[in-house]
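What follows is each chain in one-letter form.
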Amino acid sequence: MKKNNLKICLFLAFAISVASCTKLNEDLYSTLDSQNFYKNEQECILAMGDSYSQLAYQGGNLWGIYGTQLIPTDEAVVPYRLTGPFLGNNGIWLDLHQHKFKSNNNPIQSSWQYSFKTAASCNQVIYEIDKSPAKFNKKPNMIAELKTLRAYAYYVAMDLFGNIPISLDFADTALPKQYSRAEAFKIIEKDLQDNLPLLDAEPSPLNYGRCTKALAFTVLAKMYLNAQVWLGTPMWQKAIDMCDSVINLGYYHLESNYFKNFMIANEDSKENIFVIPYDRKLGFGWEMHEYTLHPAFGPVYDMTAPMWNGISATEAFYDSYDSADLRINSWMEGPQYDQSGQPLLTTTGTPLIFTPSIGGLKTAGEGDGVRCKKWEFPHGLQTKNESMDNDLVIFRYADILLMKAEAIMRLNGGTPDQTAVNLVNMVRERAFGNSDHDYTIATLTLDELLNERGRELAWEGLRRQDLIRFGKWENAWFGKPAESDKHTEIYPIPSNVLPSNPNLSQNPGY
Amino acid sequence: MIRKPNCRYILFGACLLFLMCTADTAVFGHSINGVKKKNSMKDYYNSQNQVTGLVTNEKGVPLADVTVTVKGSAKGTATDSKGNYSIEVGKGQSLVFSYVGYEEQEIKYTGQRVINVQLNVSYKSLNDIVAIGYGTTTKKEVTGAVTTIKANDFNKGAILNPIGLIQGKVPGLAITRTEGNNPNGGFQILLRGLNTLAGGKQPLIIVDGIVGANTLDMLDPNEIESVDVLKDGSAASIYGTRATNGVILITTKRPKIGKVSYEFSNQLSREVLSEHNRFFTADEYRTVVNKYYPDLVQTLDKGYSTNWLKEITRRPLRQDYSFSASGGTESINFRANLYYKDDEGIVKKTSAKTMTPSLFVSSTSLNGRLKIDARLMYSFIKREGADNNNAIFQAVVRNPTEPVYDSTDMIHGGYYTEITSSGQLNPVAMINEHTNNIEEQAFAGDVMASYKLWPTLKLNVHYSFNSNQNYEGTYYTRYYPELGTNGDAIVSTAFNHNVLFEPGLEFNKMIGDHNIRAMAGYSYYENQNESLGAHNYDFAVEDFSYNNIGAGSALGSGLADMGSNKNSNKLISFYGRVMYNYREKYLLSTSARYEGSSRFGANNKWGLFPAVSVGWRVTEENFAKNLKWISSLKLRAGYGVTGNQDIDNYLSLSRIETTNRLFYYNGEWLNTYAPASNPNPDLKWEKKGEFDAGVDFGFFKNRITGTFDYYSRKISDLLWNYDVPVPPNVYPTTFANVGILSNHGIELSLSADIIKTKNLLWNSTILYAQNKNKLISFSDAVRGYKLDYLEVNPVNGTWSQLILKGQPVGNFVTPIYIGLDSAGEAVYKDFNKDGMIDIGSQDDRAIVGNAYPKFTLGWTNEFRYKQFDLSFFFRGVFGQSLVNYERALYENWKSLLNGRNIVKSVLDNPDYQGINVFDSRYVEKASYVKLEYITLGYNFKLKNQNTLRVYITGQNLLTITNYKGVDPEEPISNFDLRPAVNGAENLNYYPYTRTFLFGFNINF
């Protein structure tokens, strides 16, 4: 019996000890529990980084916002080429250029994705910083900065898509409703105005690449300048006021060298208002070398990065430059040579010549179309995820001057006054190095202003907005027929977004 | 919820049964029932009587060592060498005669003085042991769908991985080699169709109680005794959330009791490429250029003739050695094994060398009450890896008129390089200037102790561990094509270990004719991974390779990378099973597992997985005993629920991770910390409910045997990444359980001993399986997860497959090519008749095929003539389609102009001037039949029951297919439903080969 008792005890002890171990806790080692984050100022700064770093993916990405602002314009085209490499991508660039916007188009989807990711990230970080127990001086400034960044992201989305969903509160998990462009405009305007006081006024290395007062003023200026076209309500005076706010800050002026703003070392440019900082070691980002150069340039710049021989300027756009205009050096035209003076060759062995004329949208020659060297090319970029160092300019002071001039002209029914002419001439004189090519009240028309904007802000992602505002978006140009209606002035809402939010309805015409 | 099984199959089964019962057949064999005699007074007083007799087999040959027992008592004896026995038995008692390999017989004593018995050979495999998880049973008692493959039925030849031993042998289990004959390649295993979209597809593999697929790399295939595959829900459900993809139980050989015996095996094999030329040879290339682009002859024809694939391949030798010793007594016995394998791949600088010693010891003590089995395995593997197989792709598409070397081009290391075209890399340089070495050590073991608390109750404690570590170094020299820097090194190390602790109880009782076996237990499983990696480049000196990684100058410039990671997960469960049978005629088995996994969300940590199955051994019924031509017939049916928890760790949590994005703040670059994903506290396992009905039959004394299964499985709570609006979410997708997928099909195996004489045996086996898959839904609008279709798997920049609700997964949907226009561009059918062809839209596309097969077929034949044995196995997969990526990318003139080689089939349609598009031309039917192996062996007769078998084998000698690409055995996972990053990755293949092998086994 004793033996049996022993056995029973063994059995029971065993059963009890076994059944008690049911803990399924998860131990995190290489990631953090978000409940334990945002504890101090340093962690809040690190969190803020998530919101800002989304910009890097979209600002310079051809498959993103940059592509949707650049390719459908008259200043650039990505043709199919008969020989050598080219960017085919199943026709997405042709579709974009011809304004055949499809809701499953990759750059359009990316543009939506990254704008809203920035906004969502801002919402989340604002919420966490707000409720974090950490106490530090900069807290309200950080929140103001993030709200401005969020407003900028919504501004980009409104520019591209018109009728967008807006959410301003991370705690509100309801599906956001879709606002018309007019409603979105008011929300964004209010956000920018409300948070201006807490932003930095003086640009410095301490806030380089982040939201400052000048950025907020510039975005408001852009919104007011476009209010006529977007809302039907002109707000020219307000646009002038915002431009004046930037000018009156006193920290910005035109660089004497146009190309300074686009150099590898452009951090100290006094003209740049808002940039996306890039660095080779970021591994992604600004890849103009890949977009526009021909592979023969590999040894010239000691680059093993692939070159896709993709984007060219259209002939008409290039022809709009006067030969004395220093800005014409943005372009690579004519026979191309390496460092020792030997001509570079195409893949068929003929000399590589970049000609302004382009054979056809689907039948371009290997060297057709001038290429862009506005952004200084670095040396030694490797395939191992190295991209260009040049910080990418989003807004700069030259644009402010031209915007103020335009607003004045618009208020005046299309004719400039002397103030407007002087503003434009500041840009013009910097561009020519002398005042021989200045405008006068007689010669400065709205069309001329549009052309000057084109030459000054070439390939900076601003042309689309300008063409729409000046009423030229539906015109015909190289490779693109004229359009009978205006529905392409906003992009279709991407097909992968509509199903997930039933509050959204597709934009008209799509 | 039980799905209604297809009525057709039930009707079929019922008719079959009816026919069998009404057929009148002659009586064969021996009547077992004795004749009842009236009890006489004399017998009544002689209660214990001596009975003697002779036991023989059906040929009249006396059988020695037959166990003779008096039923219900401890009395027993055995027949002597002449087959005679003598025993005392009382009135009303029965004598039981049993002998391994023979049918047991029971004879009632009613006063006979002599009882002679003729034993019949046991119906093949009925008493075979079948592993069913947490125990074993016999084949005749199994009620779930379990397929058992014994060692002699394994695939023959040079087997890279033990899974290859059963490829094609288990109906419903589709095994594909993912990388041809790469010694470092693996297998993709799909059981009964596609059962998940985003979860893991691997079945649970347990080798002798040790969990983890890495054990397969350690295992000596010669040591495997049997492989049991738990296929349906009722059989696999005992393993809960790991069971949906099936459970493969591998049992190795047990020690032989007696004096120490030895086994030694050796195999040597050679391989040759088995692919056909899809691209032009140098001469063909020249002819084509001269004919179609005569003005480009100067630029395209470089003047040489190079067979690039030949330049990077070799004639490899593979060797395999296995040595085991086993012996011992009842109270302690052992089996020790040493295995060495040296596997050279056909591509240069790819290989794997494995050394695995292992030891198994079993001891019994305390009067047989305590039994302890312990196993230890250690393995050391050294591998040389191919560089993502990219060199092979580069070789195949390279211009054959280019030379391999150019001694004047020292910038590129003396390799011929075309600088005007990027992406075209010299494959010889890629092989020579790249090194990848991996060293793996694994150490695994398990202990099973069982203690008999009472005669009916056993306490079992099972503990196992599996720990492995690897160290990997990769180096590219400065001459590696388009490297762009002076050397690049990566070093990484990973450590993984898991631990399993399973105490349990086993109950076994016979009450009259009722047999009850029950089992219950607790299981604790923990797995932990740790890894470390470093990357540096720009080495001034090449000679270090990756062994001095700090020497690269990128480190000083802040451009080197390093990272480390650790993660873990736990699985805890309570499980139990009851198996009941009445006279081994009516069978019932029911089990349940209550399991929790750390991977699931806080709201769904635990789940219950029940199963029930029943069986009816019709041949045990009295009415059936007259139908002598049916030697065994069992009907069975079962339903079980299993789960799939094969997802990454921590997905349900709200986590902050460091991203690779940098943020410029106050003059310095900082790491960004961002939410890793949208948290999902409702995250749970994918659930499969499966109904299976089957028939196991044998006719004519099991000359013909087979099984038939019908199954219907429904998988719900399918995981997928759903687009969710941003904001309010931070991430654009949430990993959530939403969809429903179904598979149903039939499996059939039929085996016949067509000829069975003393000298000649011919057995033929046919296996058939078919499966139909359907995605029932993957949307739940109420919860905000809406998805109507998915366009996936890009080829040439556009999607190739459409996943649509209500359709099977894997449909290729393409624009339909109808001809060329005057400019040589492709013209497509305008389905929606709107005058426009939008090739990216579903409206102008149609279904042209499906990536999953309609049915699979296997046919094995075994011949034995005296000492010779010959067997061969054909394996066929039918009804599937594949994208021929080579044609999609290289069947056009543009690629020729870009400097590449192009496929010969471009001459079938030379007017085509288009560029890379994707349409119906490139989706090909890929049904195939392969002669997996043919082997011829000779068995020498040695004295003392020693055996020696010598054999030669040819593997993969023949492939019959209409598919024009490399090899139609493309793993389904290449069509992974997660959108492929780059369609061209699928062009990186490792060549398939024909193997010729010589080997021998000797037992002494």
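Refer to the structure printed above.
Attention in this report is confined to the structure presented alongside it.

### Considerations on the overall build of chain A
Assigned secondary structure in chain A consists of 15 helices and 9 strands. The C-alpha extent of chain A, read off along each of the three principal axes, is 115 × 60 × 45 Å. The contacts of chain A with a sequence gap of at least 6 include a subset with a gap of at least 24, amounting to 69%. Carbon and sulfur atoms form 53% of the exposed surface of chain A, whose accessible area is close to 18,500 Å². Here chain A holds 46 positive side-chain charges and 59 negative ones, and the gap between their average locations is 8 Å.

### Things to note about the overall build of chain B
A count of helices and strands for chain B gives 11 helices and 48 strands. The globule rule puts the C-alpha radius of gyration for 1004 residues at 30 Å, and the 32 Å found for chain B is close to it. Projected onto the principal axes, the alpha-carbon positions of chain B cover approximately 115 × 65 × 60 Å. For chain B, with 1004 residues in total, the buried portion stands at 54%. Considering only contacts in chain B between residues 6 or more positions apart, those separated by 24 or more positions represent 70%. Surface exposure of chain B reaches about 42,700 Å², of which carbon and sulfur atoms provide 56%. Within chain B, one finds 103 positive and 98 negative side-chain charges whose respective centroids are separated by 12 Å.

### What about the pairing of strand β47 (residues 947–961) of chain B?
All names here are of chain B. Judged from the 13 bridges that link them, strand β46 (residues 928–941) and β47 form a sheet pairing that is antiparallel. Paired with Phe-940 across the bridge in β47 is Leu-948. Alignment of β47 against strand β48 (residues 993–1003), held across 9 bridges, turns out to be antiparallel. Note that in β48 the partner of Gln-955 across the bridge is Thr-995.

### Description of the pattern of salt bridges
Oppositely charged side chains can pair when the atoms bearing their charge come close. Counted by the stated rule, this structure contains 86 salt bridges over all chains. Among the ionic pairs, B:Lys605 bridges to A:Glu26, the shortest N-O distance being 3.4 Å. Of this pair, B:Lys605 sits in the loop between β27 (586–597) and β28 (606–617) while A:Glu26 sits in the loop between α1 (2–19) and β1 (32–33), on two different chains. Summarising the burial analysis for this pair, B:Lys605 and A:Glu26 share the class buried. The residue B:Glu263 makes a salt bridge to B:Lys253 at a minimum N-O spacing of 3.6 Å. One end of the pair, B:Glu263, is in strand β17 (residues 258–273); the other, B:Lys253, is in the loop between β16 (247–252) and β17, and 10 residues separate them in sequence. Overlapping salt bridges bring together A:Glu271, A:Asp325, A:Arg327, A:Lys374, A:Arg396, A:Arg428, A:Arg430, A:Glu448, A:Glu452, A:Arg455, A:Glu456 and A:Glu460 as one network.

### A look at the packing of helix α12 (residues 397–411) of chain A against helix α13 (residues 418–432) of chain A
Two quantities define a packed helix pair, namely the angle between the helix axes and the distance between the axes. Residue and element names in this part refer to chain A. Interhelical geometry of α12 versus α13 gives an angle of 150 degrees and a closest axis separation of 8 Å. The angle between α12 and α13 places the two elements in the roughly antiparallel class. Crossing angle aside, the handedness with which α12 passes α13 is left-handed. In contact with Ala-398, Leu-401, Leu-402, Lys-404, Ala-405, Ile-408 and Met-409 of α12, α13 contributes Thr-419, Ala-420, Leu-423, Val-424, Met-426, Val-427 and Arg-430. Across the contact of α12 with α13, the residue classes break down as 11 nonpolar, 1 polar and 2 charged.

### As for the sheet that holds strand β2 (residues 67–70) of chain B
For sheets, the rule is that strands pair by backbone hydrogen bonds, running either parallel or antiparallel. All names here are of chain B. Strand order in this open sheet of 4 strands is β3-β2-β5-β6, and the pairing throughout is antiparallel. Across the chains shown, the open sheet's two edge strands, defined by having one partner strand only, are β3 (76–78) and β6 (105–108). This sheet shows a mean twist of 20 degrees between the axes of neighbouring strands, independent of strand direction. The pairing of β2 with β3 spans 3 bridges and is classified as antiparallel. Looking across to β3, one finds that Thr-67 is bridged to Ala-78.

### Some thoughts on the interface of chain B and chain A
With 82 residues of chain B at the interface, the matching set in chain A holds 83 residues. Summed over both sides, the interface of chain B with chain A buries roughly 6,900 Å², with 64% coming from carbon and sulfur. Linking chain B with chain A are 10 residue pairs in polar contact (both at pLDDT 80 or more). At the level of secondary structure, the elements contributing two or more residues to the side of chain B that touches chain A comprise β22 (434–454), β23 (457–476), β24 (488–511), β25 (514–537), β26 (561–582), β27, β30 (655–665) and β31 (668–675) of chain B. Per element, the largest residue contribution to the side of chain B that touches chain A is 9 residues, and it comes from β30(B). Across the side of chain B that touches chain A, the residue classes break down as 37 nonpolar, 30 polar and 15 charged. Relative to β30(B), β1(A) runs antiparallel, the two being bridged by 2 bridges. Each residue of the ladder has a partner; that of A:Leu32, found in β30(B), is B:Ile656.

### Comments concerning the side chain of B:Thr401
All names here are of chain B. Counting through the fold element by element, Thr-401 comes out in the loop between α8 (390–396) and α9 (427–432). Residue classification places Thr-401 among the buried positions, given a relative accessible area of 0%. A polar contact is formed between the side chain of Thr-401 and the side chain of Asn-399, at a distance of 2.7 Å.

### Digging into the packing of aromatic side chains
Applying the stated criterion to the full structure yields 71 aromatic pairs over all chains. Here the aromatic rings of A:Trp286 and A:Trp375 are separated by 4.9 Å at their centres, their planes lie at 75 degrees, and the arrangement is edge-to-face. Of the two residues, A:Trp286 sits in the loop between β4 (272–276) and α10 (288–292) while A:Trp375 sits in the loop between β8 (371–372) and β9 (392–396), which places them 89 residues apart along the sequence. The residues A:Trp286 and A:Trp375 share a single accessibility class, namely buried. Geometrically, the ring pair formed by B:Trp762 and B:Phe863 is stacked, given 5.3 Å between the ring centres and 20 degrees between the ring planes. Here B:Trp762, found in strand β35 (residues 760–777), pairs with B:Phe863, found in strand β42 (residues 855–865); they are 101 residues apart in sequence, far enough to count as distant.

### Let's talk about the sheet that holds strand β36 (residues 789–795) of chain B
Residues and elements named next belong to chain B. Sheet architecture is open: 4 strands sit in the order β36-β37-β38-β41, paired in antiparallel fashion. Of all the strands in the sheet, the pair left with one neighbour each is β36 and β41 (846–850). Between one strand axis and the next, the sheet turns through 40 degrees on average, direction left out of account. The pairing of strand β38 (residues 811–814) with β41 spans 4 bridges and is classified as antiparallel. Within β41, the position partnered with Phe-812 by the bridge is Gly-849.

### Here's the deal with a nonpolar patch on the surface
The grouping of B:Leu268, B:Leu317, B:Tyr865, B:Phe868, B:Leu936, B:Ile952 and B:Phe998 at the surface amounts to a nonpolar patch, some 600 Å² of accessible area in total. By the element assignment, B:Phe998 lies in strand β48.

### Section: helix α9 (residues 236–249) of chain A
Residue and element names in this part refer to chain A. A rise of 1.5 Å per residue sets the reference length of α9, with its 14 residues, at 20 Å; its end C-alpha atoms lie 20 Å apart and thus fit the reference within 8%. Of all the residues in α9, the buried ones are Trp-236, Ala-239, Ile-240, Met-242, Cys-243 and Val-246. Projected down its long axis, α9 shows its buried positions confined to an angular sector of 165 degrees, all on one face. On its buried side, α9 packs onto α8 (213–231), β4 and α12. Immediately downstream of α9, the backbone of Gly-250 shows phi near 80 degrees, a positive value.

Rules used in this analysis
- Residues numbered from 1 in each chain as written.
- Chains lettered and ligands numbered in written order.
- Predicted model: local features only at pLDDT ≥ 70, side-chain atom pairs only at ≥ 80, totals over all residues.
- Heavy atoms only, no water.
- Helix = DSSP H or I, 4+ residues; strand = E, 2+ residues; numbered from the N terminus.
- Contact = heavy atoms within 4.5 Å.
- Areas by Shrake-Rupley, 256 points an atom, 1.4 Å probe, with all protein chains shown as cover.
- Lys, Arg positive; Asp, Glu negative; His and termini not counted.
- Charge placed at Lys NZ, Arg CZ, Asp CG, Glu CD.
- Rg over C-alpha atoms; globule rule 2.2 N^0.38 Å.
- Buried < 20%, exposed > 50% of the residue type's maximum accessible area, 1.4 Å probe, protein only.
- Pairing = 2+ DSSP bridges.
- Salt bridge = Lys/Arg side-chain N within 4 Å of Asp/Glu carboxyl O.
- Axes fitted to C-alpha atoms, helices over the stretch in contact; angles between N-to-C directions.
- Parallel < 35°, antiparallel > 145°, perpendicular 65-115°, else oblique.
- Left-handed = near helix turned anticlockwise from the far one by under 90°.
- Nonpolar A, V, L, I, M, F, W, Y, C, P; charged D, E, K, R; others polar.
- Buried area = accessible area lost by both parts, 1.4 Å probe.
- Polar contact = N/O pair within 3.5 Å; in protein donor to acceptor, adjacent residues only side chain to side chain.
- Phe/Tyr/Trp six-rings, centres within 6.5 Å; stacked < 30°, edge-to-face > 60°.
- Patch = residues over 30% accessible without salt bridge, like charges linked within 9 Å, V, L, I, M, F, W, Y side chains within 5 Å.
- Expected span 1.5 Å × (residues − 1).
- Arc of directions from axis to C-beta.

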